[in-house]
Structures are given as structure tokens and as C-alpha cells.
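Reading the structure
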Amino acid sequence: MADYNKEEIRRIEDKWRAAWEQRGVYKVSNKSNKPKYYALDMFPYPSGAGLHVGHPLGYIASDIVSRFKRLKGYNVLHPMGFDAFGLPAEQYAIEHGIHPAKSTEQNIKNFIRQLNKIGFCYDWSREVRTCDPSYYKWTQWIFLQIFDSWFNRKKEKAERIAVLVSIFEQEGNVNHPFPNLKYKLPHSNKITFTNTEWKSFDEKYKQEILMQYRLAYLAYTDVNWCEALGTVLANDEVINGVSYRGGFPVVRKQMRQWSLRITEYAERLLKGLDEIDFSESMKEIQRNWIGKSIGAKINFKVKSEQSKVDSLTVFTTRPDTIYGVDFMVIAPEHEIVKDITSKAQQAEIDQYLKYVESRSEVERMAEVKKVTGAFTGAYAVNPISGREVPIWISEYVLAGYGTGAIMGVPCGDERDHKFAKHFNLPITNIIGSYYNGKEANPTYDAVLENSDFLNGLTMKQAIDVVVKKLEELGIGQRQVNYKMRDAGWSRQRYWGEPFPVVFKDDMPYAMDEKDLPLELPDSNNFKPSGTGEGPLANLKDWINISENERRDSNTMPTHAGAAWYFLRFTDPHNDKEFASREALNYWNQVDVYIGGSEHAVAHLLYARLWVKVLHDLGYLGFDEPFKKLINQGKITGDSRFVYRVRGTHKFVSAGLKGEYETDPLHVDVNIVNGLELDTEAFKKWKPDFANAEFILEDGKYICGSAIEKMSKSYFNVVNPDDIIENYGADTLRMYEMFLGPLEMSKPWNTNGIDGVFKFLRRFWNLFHDDKGNFSVSDTEPTREELKALHKTLKKVEQDIENFSFNTSVSEFMICVNELSSLKCNKRAILEPLAIGLASFAPHITEELWEKLGHEDTILNASFPQYNEEYLKENSFEYPISINGKVRAKMEFALDMPKEDIEKTVLAAEVVMKWTEGKPPKKVIVVPGRIVNVVV
RNA sequence: GCGGAUGUGGCGUAAUUGGUAGCCGCGCCAGACUUAGGAUCUGGUGCCGCAAGGCGUGGGGGUUCGAGUCCCUCCAUCCGCACCA
């Protein structure tokens, strides 16, 4: 005797969770004759807040896919781990004195508890934690491989530093110029050296030079320094000039930092996008980030009073507009400013430079409308037209981009146009009627005018012509520019991977592999050192190995551990290698990776980079980690508000709030049913509200609502534990899928969950009689029952392959509705249906599977193949439309000839009524679809 | 500003990819059981209209026998990037 009620659900779900764990049914072997399938979730940062219902959305989807693939005969790798280093734990340690290792450990425990309750089929024996020394040993090891590599542009791949050294010994660097175009050899100021010169350099000098090539390198870089966090932030960790976490101000500061030379891989990262199945929008975001632009570097001769500077180089993507150049603008920080400013302009320039200094980077970025600038008094000579144009400085040109100088083409560029208008500079029109005198037109389609030898060409054509001319004359060259910058890889933090290097004479040397991991020293002091160095600098004994040997006081960013964890899952306990080649070859690429789109540029690019480097060095057989990426939409919170009449403890219902002066207050969604507030619960919610009074409408207190991000501070967080408590994990899983398409964002609303719960109960009832006794018959199924089953099996299989889970849930509901009204309790129908549903609702189906007499888990069953035979129809009820509007329905055999259908339709009374007896202009018969009569 | 998406009942959504718009669920209405339940079952429910019928997929236009679906245009919302030359 058993109803599918709260008690029974808890009994079933607890029973099977324990049984699965005990039997180890989720253990996955690397040795199998089955085809492999690798389904991966973006592993979570174990925050102290635990999971809310938004987190498991993607996990449920990947769990369904994993279980489905297993039923389809695949060996499925579906692991989970934790991105366990990170700032929040360190912040927490600073505030509460609890060691990050301890709080992280507790948080992970809680996460695992919550995840297990939902019934995921993770192979926990493969769990990895990035903060575990046995894991970060290999993060450090891979870092050292990157450190020991350079990018051979000729071969477009990474090679060992030793290869580079032997090249230098033979030919110097003439064929392999410094990747950084601005770099010049110390002392000599040159950019090349010969093999003899190389051999004459001392050790430190050689290391300094090699550092210019290493894929992981140290350099003084402008970094986002956040005083409050005492740390450097990556570009993507800075939002609107404040830190992503905490919202503290960020300023620029020069520090000697580790960077990854990801720019060398820009082209391959771009090209790789064509081979992988990411959404178009995701690829577009990455393309934008990489920001490839093709253009030209052009040298302009400079005429200034001081005659100190010969030329000025600009980068432009629009060399075709060369005849439209009316002025030049260089960044205020540009090194030539002081050397070209005329006496007459000196005061104005000084004043402007002062103004720019007072402006933070943030302000310069944020301000778009204001036009500022100053004339240097110098002129540049257009190398093609010979025309002299004034050189200005302006904050809208940034020193860090391109060459820090642009050619101003007001008729074709909006900012240049504003600049010209503001300072009354002349505007040369080279695009005829495409320019209206009021705003710039950045078209590529115009036919050029006022452009000498380019006249009559379209702008598109002219680009190549100009570049060729520039190269012929030796005054410029084709140039590819990438917006992307190298990735800052140092953090002034404690809770991260220490860099496995030793500094001798200020140069870093790789630690021996046998000495890895370099463990994070235990400490209770997590505060920044105050010198700009990280907390590790406080540990003198650790930092200073000997008199002239020192460790790095920085640690790696969380991106490091996340850049390769999917590789470790294939062989998580290997203490000889980061993963065996055999395991890597077997599991190969991740077949589907599900996670949020917020990792679009950082994590996904770094993971792709690390895999490419490891591939180039011969450790991997593939160079893209993720074959397919799915971005689940965010689940937003549905907040509720009460309206307090200002200065009172009276609360007015939403419909009446217009009559009072009120302040809206967030109220806990858990004490609101739909929109109706539980006023008693509200009084108990917080002491402040204990003697609240309510102004009701129709006897109810109605709340206001808003869709916002799910957050504790909005009191709109729904915890999966509570849902499971009331409805069970199977209902939660199916409801999350039922909400809508996986990739769409949607608000969470628990109201609809009853429908899914009732569905599972009805499914359960198919297997039980009125009294709750298990009752399944072995009678032959009818054709109708078979059709209901096979239609569902077909749709569900297709839906899962398309990651369309919401439609699967609907389909199951339809099937169970049909079988319920057919009162079907036949084994031949219910058993395959249970397997079909097992991926979505593992607990209930496992229980019924056992009741059906099976000893092995349903996980080892085979997904039933649908039979097209049962789905065939022999007749179809045609909608008969007249002039495109459906007016009648008529049933015809599916093999009935078109002509016969047409005749019968035209003869029908209903049709005659609409055609008024007139002969139709046209009759369209689409077999199995529709008949349309045109009058 | 650039790029990407999205827009369908009161709500979440579906639509065989050019062929009956609104499947499934929530909510709502009515009824049954009479076991007082936030239970279950049955029926109804896009809008207007007593009806016949008309109108309906963000707005406008187009292609087509036929458009939620394709094209043009405009609007709104969300996301990403942003003085990137």
C-alpha cells in the first residue's frame, strides 16, 4: 500500500540514494568497449550561501543527457569538482578569522550534500578540488610547461625554450623578432641580435631576452590595482571601473606581474571557433574579445619647431580614407608630445596634460560626449598626398591601443567628426553624397572622390590599393591588430596556487618537477603586505629560501585551476602525470559542456589556450577542449514587496498604495502565496514587523512583484532543499526542465510545480490500483497504447539530442494522460516508459523498476527503440480552408489521390456554402497536411 | 554606438521548420465525490460578440494559395563589448 505522497517520496529517494552509493553504480571505468561520452558541468565555486534553484538548472540538463547516453549504450563520464580557490573565502577569513581551507571544506561538504539530494549521477570518486595540493601540483606543472615555451610564429605553434635557445645560438633572433613590438634590448636599444652577440650575453641578460618570448612571462604591466582588495584584477573582473567583487575603486598601477602570452594564440583561438559547436552569440563574444582588425601601419613625417622627431606611426583599419585625413590625434601620454610641442602651444598643452592627469581612467572611458583636446603646434605630412595636417592630443586616443596615434578622418569617423566640428577643423569630403555634412558616415561602399589615384574606386577596393602603394613606397605596411591583451596571471592573494619558481638575481627559474607541488604555506595572516605584494610576502621564512633565492609572493588566479580540470577528470588520481595519455585519448574532448554565459571570455578562452599549448607540446591529441557548449539561461528571482506607509507601521496592499505615500520593502517570497501575503507569518518574520497593521483589499494583502537576480538581500532565494522537502527531487528536476528552454533566462515561480508533481503521481498510479497496491498486468497492449508509448519515446529521444527538455516533459505528461484514460497498467507499456522517464526522474523509476521485478539498476537497462510501425496513420483529418481560413474538417485516407480529395472537398456542402457555387480559382491539396480552396 | 538575442492568452510556454496558432502546465470558472483538503476526478477557458461571425503571435509593409515561421522597416526588453582607431 503506497501513495506517491511526501512520506513515500522521502522513503523512496533516501532509499535509492543510499543504494546507488553503496553499490557504486556511478563509478565510471576508463576501460570499456563502449563508445565514450563526456558530459561536463562548469564546476562551481563553493560559496558559503549554498545552492539556490538557479544553480542546478544546467546540472539537471547534463545529468539527463548523461543518464540517457548511458541507457543508449555509451560509457559516460559525468564528473563534478570544485573551483575551490578564490577571493570570497579569503575575504571571509579576513573578516571572521576562519582559514580559507576550513571554510572551503565546509562549503564543499554542503554543496555535495545538496547536489546528492537532487540525485545526480556524478562519479564522486573522480571529484577534484583546485585547492588540493595533489591537484594544484599539476596546475603548477602545466604552468611550468607554459613558462618553458615560446610561440614559433613560423610554425604557428608553441615550442620548448630550448629550441629557441638553439636558434639564437645559430642565427640570433633575426627570424624571430620580439613578440612585443615596443621592446628594445636594454643598453643597445636595438631589436635584433646576432648569434655571436647571443653567445656573448651573460646569464641574466639571456634570461631577460628569453622572458620576452616565454608564453608565461614576467613584465611590468599596467594592472588594475584595487587598494581595498589589495589585489590586481583582470579586465573582466572590473566592472565600470570598480571591482567585480565588492565594488571597490580600481586604479592603474605598474607591477611586475606574470602574464600569459595569449595574444600569440589570437589567430588560432579565432580560427578554432569555426570547428566547435558553440552558440553563435558565444562565438561572437569571443570574436569581439579577440578583436581582430586588419589595416595598415602608416608613417607620417613630422614637422615641428624642435625637429627632434622624424615620424609618427598610426594604425588604421581604413587606409582607404588616406585622402580624408584632416588632422592627427595622439594620446596625451604619447612619448613624442614633449618633443613636438611648439613654444606658442606649450602653455595650452601643459594645461591640457594637467587636466588629463586629473582624469581617472574610468572617467576617460565613461565620458563619450565631451570633446577635449589641444593643438601641439606641430604638423604631420600625409605620405601619400603630401598634405600637412595639424597634430593634436586628446584623451579619446589611448596610449595602450595600436600605436597610440590615429589619423583623423572626420567625414568617415564619428569621433573624428565631433572632434573636427568642436575645434572648427576643416572637413575634407572624400565620399561625395555619402557625407551629409552633419554626421560622419563610416561606409565601405562609397565611391571615392578627392582622392587622386583612388578616385572612382569603392572604399573596399581602395584598401588593398593603398596598402600596396604604402608598401611599395616603404612608408607603411599591412598590419593585423588584435584588441585582446595578454592575460594577467598574478594575484596579490593568499588563497591560490603559489608560483613554482625560484628567483635568483631577480630572474625566475622553474622548480624541479620532483619538488612539486610547492605547497601553500599555512598562515593566519591573509592581509595584504601593504607593499603591493600579496600576503605571502608576510611569511619571511617561506619567501626567502636563502640569501639570494626568493619565492614569488603572488598566487595564480582561479582561472588557472579551471583551465584544465576537465583533463584531470579523465585520470584524477594519477600522481605521475596530470593525466595519462591513454585516459586523455580515450575520453578525448568534452562532448557537451553546460554552463553560464558569464564565463564567455575569461574561463573559456583560458581553457582553450591551455589545451592548445598542451597540444602543441605533445601532451594532447586535440587542441579544442569543448566540442559543444550549451549556455543555460539564468533563473531570476521573483521578488515580492510590501508597501509601508511612510512614518508608520501600516502596510498597504499593492492595489491601494496610490492613496498613500509609501516605501516598498522586499519581503521573503517564502511567506507569500502567489501575490497574497501571509500577514501572520509576516509579523513573525522580523521583530520590526511584530505589530504591523495592514490595509487590505478584498480582505487580502496583495504584494507587488519584480523580476530580479536571485539574491539573499532581495529575500527572493528559493532553496532546492525546501522544494525537495515538499515535493521530492524528481519533481524538482522535472519542474526545472519544464520551465522553458534551457538556454533562455526565466523567472523562478514555484506556483506551477504542482502540475509536475501531479504528473509523477499519475505516472505512479498507472502501476498501482485504487488501494495503492502494485498492480501490473501482462496482457498484450492495444495498438492505441503502443502508439502513445512509441510517440513519446520518439519525441523524447529527439528532444534530448536537441537539448529541448521542456518539450520532453510535456510529452511525458501527454503520454501519462493518455495511458491514464486508457486505464493501461500493462507491463509491455509501462516498463519501457519507465526507462524513458528514468533520465528525468531517477528515483521513482528505480523504485518502480524494482517493483517490476528487476534486480539490477534501471541505469543498466537499454533505452527502448521506438518503432515507426506503431506511429503510422492510415487516415488524416484534413483542415479544409477557404481563402486561407479553416472552415471545415474532413477525414481522408492518407493514400487517397489528390484529385479525389479535391473532388470530394468541392462537392461538400460546407465548401459550397463558402464558394457560393462559384468554381474555385485554385485548389491546393498538401497530402497529410491541408486543403486550401481559393475562390 | 557596435554586436548578439528575445517579443505568442492572466502566467510559464508549444507549434511537425512555410500548412489547423495556443500543445503541456499554472491560474481561473463550473460540476462530481460529500473524505472540509492548499486533496482527487470531470468539463470549460485567446479576445470581442447572445449568435452568425469577426479579430488575433510587439507595430507597419511585402512575398505566398497559405506567414508565429521568409524578406524589408520600425519599436520594446535583455545580454555582451565599448573613445579598440
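Structure shown above.
The notes below deal with the structure included here. (Residues numbered from 1 in each chain as written. Chains lettered and ligands numbered in written order. Predicted model: local features only at pLDDT ≥ 70, side-chain atom pairs only at ≥ 80, totals over all residues. Heavy atoms only, no water.)

**Quick word on the overall build of chain A**
Here is the rule: Strands here are runs of E lasting at least two residues and helices are runs of H or I lasting at least four, both read from the DSSP assignment and numbered beginning at the N terminus. Any residue under 20% of the maximum accessible area for its type is buried, any over 50% is exposed, and the rest in between are partly exposed; the area is computed with a 1.4 Å probe on protein chains only. In what follows, residue pairs with any heavy atoms lying within 4.5 Å of each other are defined as contacts. Each accessible area value is a Shrake-Rupley result obtained with a 1.4 Å probe; residue values ignore everything except the protein chains displayed when judging cover. Residues counted as positive are Lys and Arg, residues counted as negative are Asp and Glu, and His and the chain ends are not counted. Taken as the charge centre is NZ of Lys, CZ of Arg, CG of Asp or CD of Glu, depending on the residue.
For chain A, the count of helices and strands is 30 helices and 35 strands. In terms of principal-axis extent, the alpha carbons of chain A reach across some 100 × 85 × 70 Å. Classification of the 935 residues of chain A by burial places 53% in the buried group. Looking at chain A alone, contacts between residues at least 24 apart form 71% of all its contacts between residues at least 6 apart. Of the accessible surface of chain A, which amounts to about 42400 Å², a share of 49% is contributed by carbon and sulfur atoms. Computed over 119 positive and 131 negative side-chain charges, the separation of the two mean positions in chain A equals 2 Å.

**Focus: the packing of aromatic side chains**
Where we set the bar: Note on aromatic contacts: the rings of Phe and Tyr and the six-membered ring of Trp form a pair at centre separations within 6.5 Å, being stacked when their planes are under 30 degrees apart, edge-to-face when over 60 apart, and tilted otherwise. Only Lys NZ and Arg CZ are tested; either one counts as a charge over a ring when it is within 6 Å of the ring centre and within 35 degrees of the ring normal.
What the rule picks out here adds up to 69 aromatic pairs. Ring centres of Tyr494 and Trp495 lie 6.4 Å apart, and the angle between their planes is 20°; this geometry places the pair in the stacked category. The two residues Tyr494 and Trp495 agree in class, both being buried. Put simply, the rings of Phe168, Phe178, Tyr183, Phe193, Trp198, Phe201, Tyr205 and Tyr213 touch in pairs and so form one group of aromatic residues. Directly above the aromatic system of Phe147 lies the positively charged group of Arg214, at a separation of 4.0 Å from the ring centroid.

**Regarding the pattern of salt bridges**
Basically, it comes down to this: Salt bridge, as used here: a side-chain nitrogen of Lys or Arg that lies within 4 Å of a carboxyl oxygen of Asp or Glu.
Taken as a whole, this structure holds 51 salt bridges when the rule is applied. Glu725 is paired through a salt bridge with Arg10; the nearest N and O atoms lie 2.9 Å apart. Of this pair, Glu725 sits in helix α22 (residues 720–727) while Arg10 sits in helix α1 (residues 6–23), and the two are 715 residues apart along the sequence. The closest approach of N and O atoms between Arg287 and Glu284, which form a salt bridge, is 3.1 Å.

**Re helix α2 (residues 56–71)**
Threshold: Given the number of residues in a helix, its expected span is that number minus one, multiplied by 1.5 Å.
A rise of 1.5 Å per residue sets the reference length of α2, with its 16 residues, at 22 Å; its end C-alpha atoms lie 22 Å apart and thus fit the reference within 8%. Of all 16 residues making up α2, 15 are buried, and the element is well covered by its neighbours. With its phi angle positive at about 95°, Gly73 sits one or two positions after the end of α2.

**Digging into the packing of helix α10 (residues 280–290) against helix α20 (residues 603–616)**
Threshold: An axis is simply a line fitted to the C-alpha atoms; with a helix, the fit covers only the stretch in contact. Between two such axes, the angle follows the N-to-C directions and lies from 0 to 180 degrees. Geometric relationships in this document are graded by angle, where less than 35 degrees denotes roughly parallel, more than 145 denotes roughly antiparallel, 65 to 115 denotes roughly perpendicular, and other angles denote oblique. Side-chain classes are defined by residue name, with Ala, Val, Leu, Ile, Met, Phe, Trp, Tyr, Cys and Pro counting as nonpolar, Asp, Glu, Lys and Arg as charged, and the others, Gly among them, as polar.
Between α10 and α20, the shortest axis-to-axis distance is 11 Å and the interhelical angle comes to 75°. One finds that α10 runs roughly perpendicular with respect to α20. Here Met282, Gln286 and Trp289 of α10 come into contact with α20, specifically with Leu604, Leu605 and Arg608. Within the contact of α10 with α20, the residues separate by chemical class into 4 nonpolar, 1 polar and 1 charged.

**Comments concerning the pairing of strand β24 (residues 635–645)**
For clarity, the threshold we go by: Any two strands with at least two DSSP bridges between them are considered paired.
Counting buried positions along β24 yields 10 of 11 residues, so the element is predominantly enclosed. When β24 meets strand β30 (residues 704–708), the two strands line up antiparallel, connected through 5 bridges. Considered in β30, the bridge of Arg640 is made with Ser705. Alignment of β24 against strand β26 (residues 662–667), held across 6 bridges, turns out to be antiparallel. When the bridges of β26 are listed, Val645 appears paired with Thr662. Across 2 bridges, the pairing between β24 and strand β25 (residues 650–652) is antiparallel. In the sheet register, Tyr643 faces β25, and the bridge partner there is Val652. The turn linking β24 back onto β25 is made up of 4 residues, and Gly647 within it adopts a positive phi angle of 75°.

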